[in-house]
Structure formats: C-alpha cells, structure tokens
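# Structural overview
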Amino acid sequence: MALPVALITGATSGLGAEFAQQLARSQHDLVLVARTVAKLEAKAVRLRTEFGIHVEVLPADLLTDDGVASVSARLADRERPVSVLVNNAGFSFVTAFEDSTVEAETEHLRILALTPMQLTHAVLDGMLERREGRIVNVSSVSAFIPRGSYGAAKAWLTSFSRSANLRYGPRGVQVTAVCPGFVHTEFHQRMGANMSGIPKWMWLNPDQVVREGLAANAAGKSVSIPSRRYATLIALSKLVPDKLAAAVGNRGR
Ligand SMILES: NC(=O)c1ccc[n+]([C@@H]2O[C@H](COP(=O)([O-])OP(=O)(O)OC[C@H]3O[C@@H](n4cnc5c(N)ncnc54)[C@H](OP(=O)(O)O)[C@@H]3O)[C@@H](O)[C@H]2O)c1
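Predicted model, so just to flag it, every value in this text is computed and none were measured.

## Overview of the packing of aromatic side chains
Scanning the entire structure with this criterion turns up three aromatic pairs. Ring centres of Y150 and F187 lie 5.9 Å apart, and the angle between their planes is 50°; this geometry places the pair in the tilted category. Taken together, the positions of Y150 in helix α5 (residues 148–168) and F187 in helix α6 (residues 187–191) put the pair 37 residues apart, joining distant regions of the chain. Classification of Y150 as buried rests on a relative accessible area of 4%. Here the aromatic rings of F182 and W203 are separated by 5.5 Å at their centres, their planes lie at 40°, and the arrangement is tilted. Of the two residues, F182 sits in strand β7 (residues 182–183) while W203 sits in strand β8 (residues 203–204), which places them 21 residues apart along the sequence. Like W203, F182 is buried.

Quick look at the structure:
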C-alpha cells in the first residue's frame, strides 16, 4: 500500500531535517525541498536506507517564481497527492529594519509569509477534495512579541494558520503554526547573530520542537508552543508592557 507523502521545505538542515526524520520514522514517503542539491541528495539516500521509504528530491529556491512554481506543481499533482505540507524554510538577519534595504526586507517577508501562503494555496484544493490533509507552518514565539519585521512576518503566518485551521479543520485539513523559541539549528549562525548572551535553559532541541509540533497538528490544534517553559513565558508576555516582552528574547529569533 502506498504511504502518505509529506513535502518539507528547508529539509537540508535544522528543523526541516528533523521533520523529515520524524515523518520518515512514522512511515511517510517524502519530498525534500531546499536549494543545496548535494545536501538534499545525501539526506535522501540516508532516509531511504534507514526507513525503506520513497524520497523525492526537489531542489528549489523559494525566493524565485520558478522555484515556487515547481514546488506548487508538485503539491497540486493529483496523481501523487501530498498529505502533509511542512512550510519550514526560512532565514533572518541581524540588521535593524531602518538599516536594511527594501529588497532584503522583501525577500525576508517573501520566504517567511508569501511563499508559505502560495504553497498552502497550491496544496489546499486537493486536500479539501480528499477531505484529508495536514499543514504545519513553522512560525516562532516572535509572533507573540514585538520583534521587528521577523516577528511581524511570523505573526502573519500564525494568524493565517489559526484562521485556516478553524475554517478547514472541520473539512479534514488540520493547520498548525509551530512557534518555537531558540532552537539549536544553523539559523543563528547563518544570520551572523552572536547568541552567547542567551541562557542555556532558553535553548530547545529540534527533536522536541518537531515532536510537539506534529503531535499538536495531529490533535487538530492551531498553535503549538513547544516546551512548558516557553508556553509559560508567552502567557506571561501578554500581561506585561511591550517593552518588557520585547526585551526577553532581544537577540535571537
Ligand atoms: N532556530 C531557531 O531558533 C528558530 C526559532 C523559531 C523559528 N525558527 C524557524 O524555523 C524555520 C527553520 O529554520 P532552522 O532554524 O531550521 O534554520 P536552518 O538550520 O538555517 O535551516 C533553514 C532551511 O531553510 C532552507 N532555505 C533557506 N532559504 C531558502 C530558499 N530561498 N529556498 C529554499 N530553501 C531555503 C535551507 O536550505 P538551503 O540553504 O539548502 O536552501 C535550510 O534547509 C525557519 O522558518 C525559522 O524562522 C527557527
């Protein structure tokens, strides 16, 4: 019998690679999307060998129209339906909004909000027709506190996920925003951030974030804030002035 297919963007490292690992373990075939072909191929070989699943490699730059079009075409393919979409690919930068260029901000907003919207749109029709589907949008705790254009983009993704889950959940399509705090991945290193001031207890492992995120999605929840400590912090942040809430995670994403 054919296994359900999961498509993961940003599958070459960090949270995306962990989503691939956990979805493979729970017997899903995979479509891995990112830009770095060699890393995609290496991951695919390892996952096929370890889990005996079918793995497609789909190299795409999700900041280009062509890249988004090729992933959208795969998502809309009724012959090989995708049951799980994980919108995960993302990056950020340390430059403050007033010092960055409008081009850089546009790319940032595109990868964090516009691309997930386009990919969701591409997969949704088929999922609604089949009355079955799962969409996981990797957001951030930054969605809940004032955190520049990164927090604003993640707030969009979280709000979109919540309303989509309300609307499509009863029709069989569960949509969840996974909102982690600091996670050990390549994210901060790629953005050139100095994370030395972040206390140890604020760091999460990808394993926990993905496990809790997938469980929340399976349970039909709109939002997952992995770990009790972050769930508590975010609950408290709603009670304090913006200035204090923003100071909590000032240097990370
Ligand atoms: N790490 C954290 O503390 C943290 C906290 C909250 C939320 N998040 C969110 O988690 C998500 C995953 O980040 P991560 O922490 O796992 O970072 P990461 O280790 O840097 O991984 C980012 C992934 O995105 C892919 N990617 C980047 N730009 C792309 C593009 N233009 N087209 C296609 N793929 C692209 C990268 O692959 P290639 O370079 O091969 O394309 C890589 O696989 C992001 O949305 C981030 O905002 C992270």
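## Notes on the UniProt feature "domain: Ketoreductase" (unreviewed entry) in the chain
When the UniProt feature table is mapped onto this chain numbering, "domain: Ketoreductase" (unreviewed entry) sits at residues 4–185. Between the C-alpha atoms that bound residues 4–185 the distance is 27 Å, and the span itself is 49% helix and 19% strand.

## A word on the nonpolar core
Counting residues in hydrophobic clusters, the biggest one holds 67 residues, and the most contacted among them are I8, F19, L23, L30, L32, V71 and L75. Contact partners of F19, with chain neighbours within four places excluded, come to I8, V86, V136, V138, V210 and L214.

## Comments concerning empty space enclosed by the protein
Following the criterion strictly, the structure yields two cavities of 30 Å³ or more and no others. Space inside the largest cavity adds up to approximately 40 Å³. Around the largest cavity, the lining residues are T9, L62, N87, N88, A89, I111, T115, P116 and L119. The element that contributes the greatest number of residues to the lining of the largest cavity is helix α4 (residues 102–130), accounting for four residues. Grouping the amino acids of the lining of the largest cavity by side-chain chemistry returns five nonpolar, four polar and no charged. Here the second largest cavity defines a volume of roughly 30 Å³. The wall of the second largest cavity is formed by N87, N88, A89, I111, L112, P116, V138, K154 and L157.

Thresholds, definitions, all that
Residues numbered from 1 in each chain as written. Predicted model: local features only at pLDDT ≥ 70, side-chain atom pairs only at ≥ 80, totals over all residues. Heavy atoms only, no water. Phe/Tyr/Trp six-rings, centres within 6.5 Å; stacked < 30°, edge-to-face > 60°. Helix = DSSP H or I, 4+ residues; strand = E, 2+ residues; numbered from the N terminus. Buried < 20%, exposed > 50% of the residue type's maximum accessible area, 1.4 Å probe, protein only. UniProt positions renumbered as here; feature names shortened; annotations may be inferred. Core = buried A, V, L, I, M, F, W, Y, C linked by side-chain atoms within 4.5 Å. Contact = heavy atoms within 4.5 Å. 1 Å grid on protein atoms, 1.4 Å probe; cavity = no way out; pocket = protein on both sides within 12 Å on 5 of 7 lines; lining within 4 Å. Points joined across faces, edges and corners; volume = space filled by probe spheres on them. Nonpolar A, V, L, I, M, F, W, Y, C, P; charged D, E, K, R; others polar.

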